[in-house]
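Summary of the model geometry
Listed here are the chains, written in short residue letters.
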Amino acid sequence: MAEILWHNLSEKEIVDILRSDLKKGLGTEEEIGIRQREFGRNKLPEEKGLPWFKILFQQLQNPLIYILLIAAAVTLILKEYTDAVIILGVVFLNIIIGFIQENKSAKTLKELKKIIKYGAEVLRMGNLKIIDAGELVPGDIVILNPGDNVPADGRIIESHNLKINEMILTGEWLSTKKSIDALAEETVLADRNNMAYMGTVVEEGKGKMIVTETGPRTKIGEIARSLLETKEEKTPYQKKIANFGKLLGLIILFLCLIIFIIGLATGKNPLEIFLTAVAVAVAAIPEGLPVAVTLVFTFGMQEILKKKGLIRKMVAAETLGSTSVIATDKTATLTEGKMRVDEVIGDRFSILKAAVLTSEAFIENPEEAKEKWQLRGRPTEKAILEAGVEAGIDGKREFEKKKISEITFNPINKFAAALYKGEESEKILYLCGAPEKILGFSRLSAKEKANLENQLEKLAGRGLRIVATAYKKFKNPKLKTENLQDLCSNLKFLGFITLKDPIRATAKTSIKICRQAGMRPIIVTGDHRLTAKSVAEELGLRIKEENILEGKELDNLSDRELDKILDRIQIYARVEPRHKLRIITALKRKGEVVAMTGDGVNDAPALKKADIGVALGSGTDVAKAASDLTLLTDDFEIIITAVEEGRRIIDNVRKIITYLLVGGFTEVMLIGLAIICRLPLPVLPGQILWKNMIESTPPSFALTFEPEEKDIMKRKPEPPHLSILTKEMNVLIFFVGLFTNLILFGIFLWLWNQNYPLDKLRSVMFVGLTIDSFFFIFSCRNLRKNIWQYNPFSNAYLTVTIILGFVFLIAAVYWGPLQSLLKTASFGLFEWGILLGFGLLNLIMVEMVKWYFIKKDFK
């Protein structure tokens, strides 16, 4: 069934379609019952919250966890209970940390339902009634009063200065004046001034509407359905870590299989070679990696929270670092979200005085000190009063007693007027209102009027809100003041006041940093194109007409046509919820990683669709529930800070992976060469597990606290398809691991030929692997600089873990109980000297590789 364009129909056509009566409402209970069965309750689709046990289970859905669980199972079968307990402990710790961070229900649609939990005043069978809003049906006549939540979608049939705030749907924070006249078919949602929509709020005036749509067929209901249909896609990091886990699992399986086959081919005992394969698996699995990565994300989330950003899901923190496009609303994110006087053109004091004395804004607590004053009133009048107070006009208190008569502002007159007593018998009339109205009342020559109109046109072209002021003095003591409008002629024109929602103090700098970091900011707003263009230009963006696309123009484009112009569009103006969703979809189709800001119900589907949904702290609970990041202070600067933190997270995850995988690769190669050469295992599974968990894992945790690198916001965003393992990491893991292994295996052969006792020789290899990891981690602190370019000991957490690691290493080699557990034996200073030299040599090799890549990137 085609959508009915209610805004385009006459009052009679609507009544005929809905079979209602404007004076009596729906006529019988029977008819109401039929409609309730046909259309259902006036409620939104429901979605069950995610139970805690499912959130817990989700923490297991990680390839690295699968590998650890398999390793734990194998060690249990082999009755290596200590190893099994340690591995399972790692799995448990990772699950608990992830669960604590993500134990939040899917609240999106529950919050949507809260919006309509109120009553409605309706006209039924000629009587006014208060009913549950859920019982409303199409054709009901609803009474709208100040403060009411609009309970359904409806066409306005009566308006007495009715103004409705539709910010949750359109994004515009100023209320909309409602009328009863039919509008053109192509009128966009934000301009449908003869409609009222569920969930919006009546700010002032009174009116009536006839219900046209209820429940899921309302505009907010369409958003609810869209949320149900919009599936959360995996983030770039989730895809990368999944691919990495699969690759690592296949490599481990392949190595174990090769070793098992070689062992059988060389005539070794099947059980013995199976145990050897298990040793290889234990060596290859970076047991501490899942927990270390989880801690990096957890710490990153805490850092973002300190800077007033709340992350809902851990993986979102990393995705921020890959963001290539930030689609942001204008109001309250780039701007302050409140009207302020921008410029007073003419005699500032006189112009502001006239504007203040005609406004209805007031100071709530004038008896208190000026710095504590609370100003109340409409946004425009409140801004003028604030500017007047700053100019020394003392809040109208000194003038109130002199007021004789006034005309309050209304949309028909488009001006306000007030008559005051002057000196002796003098009276002064002040006017403030629409510039064209005030110019018409003023005494001006044709040339003066033309100049002012030309000036006005230029101001309007900047997307500003403009009012004008004028005044007139009367000397006649018998002046008739009953009808002030009769006195509004031959006035002295004072000047213009321009008002705007000013940009935030940090916005321009944040946009500049955003662009330096290779990200493209675009403005997606329900506001008019001129207003959005003015804000963009003030932020330092160069905007031409070809860079702006309105919602109605977007409707006329196919997806292919949109894709062709997508790169040049910087402003999307007068957009509706469905436009936002289409814009995000198009950007993602082109391979962009998109962060989108929003605060209203209208933004929820696009927030959910975006790679990173960013909700304003002042926004609706619906927007927050659908988002990944909430800006607690609404400031765009927090997004840039969060992106910086996201990039730091990516860097630190890579440092941890490099550190742990180099160690694992070295261990695997060492065991593999020994098997090929038909030598005994250089290290035992228990020793490997001790080295991985006790010696290597705590330092990897310390890499969590590595600060961001200085050039982090001068790099381009990382492409989504880029592997988590970079070319530099692959070289470090493979070639450095190979070099390390050849030296260490050479030491093993030399000592074996010296008839070293096997337990002592294994202890030397165990310590050699550990010493190597201790030296290597200081190189891992920065993969873009050589160690002499930064202080390797500036990370206090890392230094402490290395010192403690040495203490535990010495205990493992020389303390009796640990010697029995790990099957180690003590050795002397000669061996220690060799191993420390080996560690230093390996450090030099690592720094040479880093130097090569740094020079290559620099060129």
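The residue numbers shown here count from 1 along each chain, following its written sequence. For this predicted model, a pLDDT threshold of at least 70 governs which residues receive local features, and a threshold of 80 or more governs which side-chain atom pairs are given and counted, while totals over whole chains, interfaces and linings are taken from all residues. Side-chain measures were taken over the full set of non-hydrogen atoms in the model, leaving aside hydrogen atoms and water.

Tallying secondary structure elements over the protein gives 31 helices and 23 strands in all. Burial classes: relative accessible area under 20% of the type maximum marks a residue as buried, over 50% as exposed, and values in between as partly exposed (1.4 Å probe, protein chains only). Burial statistics for the protein: of 859 residues in total, 56% are counted as buried. Accessible surface, the protein as shown: approximately 38,100 Å² in total, 57% of it carbon and sulfur. For the purposes of this entry, the term helix denotes a DSSP run of H or I that reaches at least four residues, the term strand denotes a run of E that reaches at least two, and both are numbered from the N terminus. Note on areas: Shrake-Rupley with a 1.4 Å probe; residue coverage comes only from the protein chains shown.

To continue, consider the sheet that holds strand β16 (residues 465-474). When DSSP locates at least two bridges between a pair of strands, those strands are taken to pair. In spatial order, the strands read β10-β17-β16-β15-β14-β13; together these six strands make up an open sheet with antiparallel pairing. Each end of this open sheet is capped by a strand with a single partner; those strands are β10 (340-345) and β13 (403-407). Ignoring strand direction, the axes of neighbouring strands in this sheet form an average angle of 20 degrees. Examined bridge by bridge, strand β15 (residues 427-433) and β16 share seven bridges and lie antiparallel to one another. Bridging from a neighbouring strand, K427 pairs with F474 of β16. Whether two residues touch is decided by their heavy atoms; if any such pair falls within 4.5 Å, the residues are in contact. Fitting a line to C-alpha atoms yields each axis, with helices limited to the stretch in contact; the angle taken between N-to-C directions then spans 0 to 180 degrees. Along the sheet, helix α14 (residues 379-390) makes contact with β10, β16 and β17 (492-500), crossing β10 at roughly 65 degrees.

On to the sheet that holds strand β19 (residues 548-550), then. Judged by pairing direction, the sheet is mixed, and its eight strands sit side by side in the order β8-β23-β22-β21-β9-β18-β20-β19 without closing on themselves. On the outer flanks of this sheet lie β8 (309-311) and β19, each paired with one strand and no other. For this sheet the average axis-to-axis angle between neighbouring strands, irrespective of direction, equals 20 degrees. Examined bridge by bridge, strand β21 (residues 594-598) and strand β22 (residues 612-616) share four bridges and lie parallel to one another. If you follow T597 over to β22, its bridge partner there is V614.

So, about the nonpolar core. Judged by nonpolar contacts, the single largest core of 75 residues is most densely connected at F244, V653, I657, L725, M765, F766 and V767. Sequence-distant contacts of V767, that is, excluding residues within four places in its chain, are made with L809, V813, F827, W832 and L835. For our purposes a nonpolar core is just a set of buried Ala, Val, Leu, Ile, Met, Phe, Trp, Tyr and Cys residues, chained together by side-chain atoms within 4.5 Å. Ranked by size, the runner-up nonpolar core spans 38 residues in total, among them I311, A316, I511 and I543.

Quick reminder: α-helices carry 3.6 residues per turn. Residues three or four places apart thus point the same way. Taking 1.5 Å of rise per residue, the twelve residues of α14 would be expected to cover 16 Å, and the 17 Å separating its terminal C-alpha atoms lies within 8% of that figure. Among all positions in α14, only T380, E381, A383, I384, L385, A387, G388 and V389 are buried. Contact partners of the buried residues in α14: β10, α13 (348-358), β11 (362-363), β12 (375-376), β16 and β17. Positive backbone phi, approximately 100 degrees, marks G392, located one or two places after α14. Take the residue count of a helix, subtract one, and multiply by 1.5 Å to get its expected span.

Attention now goes to the pattern of salt bridges. Salt bridge, as used here, is a side-chain nitrogen of Lys or Arg placed within 4 Å of a carboxyl oxygen of Asp or Glu. What the rule picks out here adds up to 39 salt bridges. Notably, a salt bridge pairs E29 with K129, separated by 3.7 Å at the nearest N-O pair. Within this pair, whereas E29 is found in helix α2 (residues 29-39), its partner K129 is found in strand β2 (residues 127-132), the two being separated by 100 residues in sequence. Assessed through its relative accessible area of 28%, K129 is described here as partly exposed.

What follows deals with the pairing of strand β18 (residues 520-524). As a general feature of sheets, a regular strand has side chains that alternate between the two faces. The element β18 is largely enclosed, with a buried count of four among its five residues. Inspection of the sheet shows strand β9 (residues 325-328) paired to β18 by four bridges, in the parallel sense. The residue bridging I326 from the neighbouring strand is P521, located in β18. Pairing between β18 and strand β20 (residues 571-573): two bridges, direction parallel. In the sheet register, V524 faces β20, and the bridge partner there is Y572.

What follows covers the packing of helix α27 (residues 727-753) against helix α28 (residues 758-780). One can describe the packing of α27 onto α28 by two numbers: an axis separation of 10 Å at closest approach and a directional angle of 160 degrees. In terms of their interaxial angle, α27 and α28 are classed as roughly antiparallel. The element α27 and its partner α28 pack so that their crossing is right-handed. Listed contacts from α28 to T740, L744, I747, F748, L751 and W752 of α27 are L758, L761, V764, M765, G768, L769 and D772. Three classes are used, and their members are as follows: Ala, Val, Leu, Ile, Met, Phe, Trp, Tyr, Cys and Pro are nonpolar, Asp, Glu, Lys and Arg are charged, and the others, Gly among them, are polar. When the residues that make up the contact of α27 with α28 are grouped by side-chain class, the tally is ten nonpolar, two polar and one charged. Throughout, the term roughly parallel applies to angles under 35 degrees, roughly antiparallel to angles over 145, roughly perpendicular to angles from 65 to 115, and oblique to all others. Left-handed describes a crossing in which the near helix is turned anticlockwise from the far one by less than a right angle; the clockwise case is right-handed.

Next up on the list: the packing of helix α18 (residues 507-516) against helix α25 (residues 636-676). At a closest axis distance of 9 Å, the pairing of α18 and α25 adopts a crossing angle of 30 degrees. The angle between α18 and α25 falls in the class roughly parallel. When you trace α18 past α25, the crossing you get is left-handed. Contacts between α18 and α25 pair S510, I511, I513 and C514 from the former with F636, E637 and I640 from the latter. Split by residue class, the contact of α18 with α25 holds five nonpolar, one polar and one charged.

This part covers a nonpolar patch on the surface. A residue counts toward a patch only above 30% relative accessible area and without a salt bridge, and it is joined to like-charged neighbours within 9 Å or, for Val, Leu, Ile, Met, Phe, Trp and Tyr, to nonpolar neighbours within 5 Å. A cluster of nonpolar side chains, namely Y66, L69, L76, Y81 and L88, defines an oily patch on the protein surface of about 450 Å² accessible area. Those elements giving two or more residues to the nonpolar patch turn out to be α4 (63-77) and α5 (81-102). Top element by residues in the nonpolar patch is α4. It accounts for three residues. Checked against the element boundaries, L69 lands in helix α4.

Moving on, we come to the packing of aromatic side chains. Pairing of aromatic side chains here covers Phe, Tyr and the six-membered ring of Trp, requires ring centres within 6.5 Å, and sorts the geometry by plane angle: under 30 degrees stacked, over 60 edge-to-face, intermediate tilted. Tallied over the entire structure, the rule returns 16 aromatic pairs. Geometrically, the ring pair formed by Y420 and Y430 is edge-to-face, given 6.0 Å between the ring centres and 70 degrees between the ring planes. In this pair, Y420 is assigned in strand β14 (residues 415-421) and Y430 in strand β15, connecting sequence segments ten residues apart. According to the relative accessible area criterion, Y430 is buried, its value standing at 8%.

Now for helix α19 (residues 529-538). If you check which residues of α19 are buried, you get R529, A532, K533, S534, V535 and A536. On its buried face, α19 sits against β18, β19, α20 (551-555) and β20.

Next up on the list: the environment of G433. Tracing the sequence through the fold places G433 in strand β15. Ignoring sequence-local partners within four residues, the contact set of G433 consists of K414, F415, I438, V467 and A468.

The subject of this paragraph is the pairing of β22. When you tally the buried positions in β22, you get five out of five residues, the bulk of the element. Covered by surrounding structure in β22 are I612, V614 and L616 together with G613 and A615, the residues of both alternating faces. Where β22 meets strand β23 (residues 629-631), three bridges bridge the pair, whose relative direction is parallel. Of the residues in β23, the one forming a bridge with V614 is L629.

Phi angles above zero are rare outside glycine, and N161 is one such case at about 55 degrees. Of note, N161 is situated in strand β4 (residues 153-165). By relative accessible area, N161 is classed as partly exposed at 26%. Of note in this structure, K823 is not a glycine but carries a positive phi near 60 degrees. Its location among the elements puts K823 in the loop between α30 (816-822) and α31 (829-858).

Before going further, it helps to examine the side chain of D501. You can see D501 is positioned in the loop between β17 and α18. Under this rule, positive means Lys or Arg and negative means Asp or Glu; His and the chain ends count for nothing. Buried charge without a partner: D501 forms no salt bridge, and the closest opposite charge is K330, 4.4 Å away. Each polar contact in these results corresponds to two N or O atoms within 3.5 Å; when the atoms are within protein, one needs to be able to donate a hydrogen and the other to accept it, and residues that are neighboring in sequence are counted only if both atoms are side-chain atoms. Polar side-chain contacts of D501 include one of 2.5 Å to the side chain of T335. A polar contact is formed between the side chain of D501 and the backbone nitrogen of E336, at a distance of 3.3 Å.

Summary statistics for the protein give a mean pLDDT of 84 and a share of 89% for residues scoring 70 or more. Summary of the metric used: pLDDT quantifies the predictor's per-residue confidence within the range 0 to 100. Within the protein, no element has a lower average pLDDT than helix α6 (residues 108-114), which sits at 45, and none a higher one than strand β6 (residues 195-196), at 96. Within the model, the stretch residues 104-113 combines pLDDT values under 50 with 31 contacts to residues more than four positions away or in other chains.

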